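Here are the chains, one letter per residue:
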Amino acid sequence: MKIPTLMSEQYRQAKELIEKSSSIKVYSHIDCDGICSGAILSTILDRQKKPHDIDFVNLDVLDDIELDHELTIFSDLGSGQRIDTNASKDNNILILDHHPPLRDLDYKDKKDFTYLEINPIHHGIDGSYYVCGGGLCYFLAKEFGYSDLSWIGVLSAIGDMQNTHSGHFEGLNEIIQEDAVNEGYLDLIKNDLNIYGRNTRELFIALSYFSDVKLPITNNQNESKALLDELGIDSTLHRVMPEEAEVLEKIGILCEAGKDYTLTRQDRAMLNKELDSIKAAQTLPPYLSKDEFMILFQTHKRIRRKTLSDLTNEEKGKLYNALNRMIINEVPPKYYEHIQKILIGDSYTFLLEDPASFLRDGAEFSTAMNACGRNHEEKIAMEVLKGNRDWALVELEEISRKHRYNLATSMEKVANGDKIIELENLQYFDGTGIKPEIVGTITGMILGYCNWRKPIIGFTQIEDSDGLKVSLRCSRFLSYDGIHFGNIIRQVSSQVGGSGGGHAMACGAYIPLSKKDEFIQKFNISLNGKISM
Ligand SMILES: [Mn+2]
């Protein structure tokens, strides 16, 4: 796919609009895509020496918003909101959004200010799978010659789940991905084994979170460990690089030169003993130079629990076969064709990030961005994206840690199954006390504890209001089977006076508190004949 001619022309106009503006405001969305969009725009404006303000906002503050800048840019939002009701002729507007637009391409002609809306849907390009907000902002960066920002475009598309249907990027996303590979920022492994936590989660823990189907390993770390043992995949040791092998030999650990070698438990004990005795003696033994000691020391630090990213292709193959077998045992034959899509997908490694960091893997990086959004810390996330890897990264780690803690404590409130009520076609739980910002994440985590054959819906009350936040998650098997819960929740919530929408397998709504029962009943009925197992 190429950028349509008319869209390219719009990008030229957008560049000119920015160049001639001196007071600029940016509004962007609070999720990973929106934060990436904001970071790309802010970097463009910094490099163009344009002072600017940036706010990360929820959609509901945008209707009839006051505009008091020469240029207001909306990214990852704006197309679906009434953002120009207060625009006068000194208030130019640029929108970069991939959500369904309220206004058509001719809308600009009737205005006495510049109204420029770049939305792929105007050009017949699907905004769910082919490009998202960050991607649209990246093409603007590219217009300025900043293709080094391509990796942020890739991250935004990962965060926006643009690749969920096929397991890889298509359409305009493919151009962005290619740019990132060519610029040396991205390593793309086609059709990789796809389990969340590739870079930082211990493999057996990552496996235990598998929840698209309830497998013996789901929420069971002992079973996960047993599976790895059975497959002969050593989950606790680490391979040794050739340069390390040479030094290890000097302290009596024999590794075959030039080949990866897995340290045994005894090897590790010997290594630890050697380092301890050097520490105690406060001096190096005659057979080790300072450089060699440093290699030993780093080897010791590198030996950690294995993650998915450490597995060889052969090990990944074994694991794939085992998971495939387990799933076949659980799902009806009509689902067999989807198994590969669940287990296999392209993986994205950001090559400039530290190999041991959660920023290294695309999926884990995007989770950290979303954690910031859910805790109103978008600006920290943006700082990291803009290149700050000292104080901002430290804060990002702290936010992620707190976020995980909040999730764990919220899970305790609902994880004991008696809170989950199962109806014919769906199941739900009352998540009172869970913050609306994380009820979606919690709902996804609950999925592993209940019936994966039906969607799970979580409710939580919005403080100081008579509104309910509703979140729905389901197994990918259901959405691959053709059910789009985002569309269903939009219809059902509007029938009870609320609003909602989202992805096929992850979506949400806001409804009046008094309509909860009606919502559940209507939702249950709307699924008649669709949930078939
Ligand atoms: Mn988006």
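Before reading further, recall that the structure is shown in the block above.
So, how was this worked out
Residues numbered from 1 in each chain as written. Predicted model: local features only at pLDDT ≥ 70, side-chain atom pairs only at ≥ 80, totals over all residues. Helix = DSSP H or I, 4+ residues; strand = E, 2+ residues; numbered from the N terminus. Rg over C-alpha atoms; globule rule 2.2 N^0.38 Å. Buried ≥ 20, exposed ≤ 12 C-beta atoms within 10 Å, placed from the backbone. Contact = placed C-beta atoms within 7 Å. Expected span 1.5 Å × (residues − 1). Core = buried A, V, L, I, M, F, W, Y, C linked by C-beta atoms within 7 Å. Pairing = 2+ DSSP bridges. Axes fitted to C-alpha atoms, helices over the stretch in contact; angles between N-to-C directions. Parallel < 35°, antiparallel > 145°, perpendicular 65-115°, else oblique. Left-handed = near helix turned anticlockwise from the far one by under 90°. Nonpolar A, V, L, I, M, F, W, Y, C, P; charged D, E, K, R; others polar.

Draft legend 1. Main features of the overall build of the protein chain. Secondary structure summary: the protein chain contains 19 helices and 15 strands in total. Taking 2.2 N^0.38 as the reference for a compact globule, 533 residues should give roughly 24 Å; the C-alpha atoms of the protein chain span a radius of gyration of 25 Å, in line with that estimate. Its C-alpha atoms give the protein chain principal-axis dimensions of about 80 × 60 × 45 Å. Taken over 533 residues, the protein chain has a buried fraction of 42%. Excluding contacts between residues fewer than 6 apart, the proportion of contacts in the protein chain whose partners are at least 24 apart in sequence is 61%.

Draft legend 2. Examining helix 2 (residues 32–47) more closely. With 16 residues, helix 2 should cover 22 Å at 1.5 Å per step; its first-to-last C-alpha distance of 22 Å lies within 8% of that length. Buried residues dominate helix 2, accounting for 13 of its 16 residues. Just downstream of helix 2, K49 is the residue with a positive phi angle, here 55 degrees.

Draft legend 3. How the structure looks around the nonpolar core. Counting 66 residues, the largest nonpolar core has I35, I40, I152, V154 and A381 as the members making the most contacts within it. It is helix 2 that provides the largest number of residues to this core, a total of 7 residues. Beyond its immediate sequence surroundings of up to four residues, A381 is in contact with I35, M369, C372 and L396.

Draft legend 4. Region of the structure containing the sheet that holds strand 2 (residues 52–57). With parallel pairing, 5 strands are arranged side by side in an open sheet as 2-1-3-4-5. Here the strands that pair on one side only, and so sit at the sheet edges, are strand 2 and strand 5 (115–118). Recorded for the sheet is a direction-independent mean angle of 15 degrees between the axes of neighbouring strands. Across the face of the sheet, helix 3 (residues 133–143) comes into contact with strand 1 (24–29), strand 3 (71–75), strand 4 (92–96) and strand 5 while running at roughly 120 degrees to strand 4.

Draft legend 5. Spotlight on the pairing of strand 15 (residues 506–512). Buried residues dominate strand 15, accounting for 5 of its 7 residues. With 7 bridges joining them, strand 13 (residues 467–473) and strand 15 adopt antiparallel strand pairing. Following the sheet pairing, K469 is matched in strand 15 by Y510. Note that strand 14 (residues 499–502) and strand 15 share 4 bridges and pair antiparallel. Counterpart to G501 in the pairing with strand 15 is G508. Counted between consecutive antiparallel strands, the loop separating strand 14 from strand 15 contains 3 residues.

Draft legend 6. Spatial organisation of the packing of helix 18 (residues 485–495) against helix 19 (residues 516–526). Two elements in contact, helix 18 and helix 19, have axes separated by 10 Å at closest approach and are oriented at 140 degrees. Here helix 18 lies oblique to helix 19, going by the angle between them. Here the hand of the crossing between helix 18 and helix 19 comes out right-handed. Counted together, I488, V492, S493 and Q495 of helix 18 and F519, K522, F523 and S526 of helix 19 form the full contact between these two elements. For the contact of helix 18 with helix 19, the per-class residue count stands at 4 nonpolar, 3 polar and 1 charged.

Draft legend 7. Just the sheet that holds strand 15, in detail. Strands sit in the order 10-11-12-13-15-14 across an open sheet of 6 strands; the sheet is mixed. Among the strands making up the open sheet, the edge pair consists of strand 10 (420–422) and strand 14. Within this sheet the neighbouring strands show an average axis-to-axis angle of 20 degrees, counted without direction.

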